[in-house]
Amino acid sequence: ITVVFDDEAATEIKTHSAVLMLASPVFHKMLTQEMREKENRRIVLPGKKPAEFQVLLEFLQPGVGRLRKVSEQNVELLMRWCDEYCIES
């Protein structure tokens, strides 16, 4: 799946849809129900920062995500993303 951002660089991040669907019921719905994201295999995240999504994605990765540490630098963005996309710890 390709995650697309509306930043100046029009950043695109490719990831496995299963990682997003297992972590988030919001992403699961986007990618399994009759929605544009399922058909296009693209999730557009307007107003979101690609660097923040990359941090989140690192935590969601099986295996290596367990090695990541929550810190003062990432705790706020992780809480914000987890709250918005219903990701539980």
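Scope of this entry: the structure provided in the associated data block. All values derive from a computational prediction rather than experimental measurement.

Here we look at helix 4 (residues 50-60)
Part 1 of the argument: Listed as buried for helix 4 are Pro50, Glu52, Phe53, Leu56, Leu57 and Leu60. All buried residues of helix 4 project into a common sector of 155° when viewed along the axis, lining one side.
Part 2 of the argument: The inward-facing, buried residues of helix 4 contact strand 1 (2-5), strand 2 (12-14), helix 1 (17-23), helix 2 (25-32), strand 3 (42-45) and helix 5 (75-84).

A closer look at the side chain of glutamate 52
Part 1 of the argument: On the secondary structure map, glutamate 52 appears in helix 4.
Part 2 of the argument: With residues up to four places along the chain from it excluded, the contact list for glutamate 52 reads Leu77, Arg80 and Trp81.

Digging into the layout of surface pockets
Part 1 of the argument: As a volume, the largest pocket reaches approximately 490 Å³.
Part 2 of the argument: What lines the largest pocket is a set of 20 residues, and nearest its centre among them are Phe59, Leu60, Ile87, Glu88 and Ser89.
Part 3 of the argument: Of all the secondary-structure elements, those providing two or more residues to the lining of the largest pocket are helix 1, helix 4 and helix 5.

Considering the packing of aromatic side chains
Part 1 of the argument: Under the definition given, this model contains 4 aromatic pairs.
Part 2 of the argument: Judged by centre distance (5.7 Å) and plane angle (55°), the rings of phenylalanine 5 and phenylalanine 53 are tilted. Placement of phenylalanine 5 in strand 1 and of phenylalanine 53 in helix 4 is noted, with a sequence separation of 48 residues between them.
Part 3 of the argument: Ring centres of tryptophan 81 and tyrosine 85 lie 5.7 Å apart, and the angle between their planes is 25°; on these two criteria the pair is classed as stacked. Across the pair, exposure class does not vary: tryptophan 81 and tyrosine 85 are buried alike.
Part 4 of the argument: Put simply, the rings of Phe5, Phe27, Phe53, Trp81 and Tyr85 touch in pairs and so form one group of aromatic residues.
Part 5 of the argument: If you follow lysine 48 out to its NZ or CZ, it ends over the ring of tryptophan 81, 5.4 Å from the centre.

So, unusual backbone geometry
The phi torsion of most residues other than glycine is negative, and most of the peptide bonds are trans.
Part 1 of the argument: Despite not being glycine, alanine 10 shows a phi value in the positive range, around 50°.
Part 2 of the argument: With respect to the secondary-structure elements, alanine 10 resides in the loop between strand 1 and strand 2.
Part 3 of the argument: Even without being a glycine, cysteine 86 presents a positive backbone phi close to 55°.
Part 4 of the argument: As for its placement among the helices and strands, cysteine 86 is situated in the segment after helix 5.

Observations concerning the environment of proline 46
Part 1 of the argument: Among the secondary structure elements, proline 46 is positioned in the loop between strand 3 and helix 4.
Part 2 of the argument: A C-alpha to C-alpha distance of 11 Å links proline 46 and threonine 11, two positions 35 residues apart in sequence.

Definitions and cut-offs
Residues numbered from 1 in each chain as written. Predicted model: local features only at pLDDT ≥ 70, side-chain atom pairs only at ≥ 80, totals over all residues. Heavy atoms only, no water. Buried < 20%, exposed > 50% of the residue type's maximum accessible area, 1.4 Å probe, protein only. Helix = DSSP H or I, 4+ residues; strand = E, 2+ residues; numbered from the N terminus. Arc of directions from axis to C-beta. Contact = heavy atoms within 4.5 Å. 1 Å grid on protein atoms, 1.4 Å probe; cavity = no way out; pocket = protein on both sides within 12 Å on 5 of 7 lines; lining within 4 Å. Points joined across faces, edges and corners; volume = space filled by probe spheres on them. Phe/Tyr/Trp six-rings, centres within 6.5 Å; stacked < 30°, edge-to-face > 60°. Lys NZ or Arg CZ within 6 Å of the ring centre and 35° of its normal.

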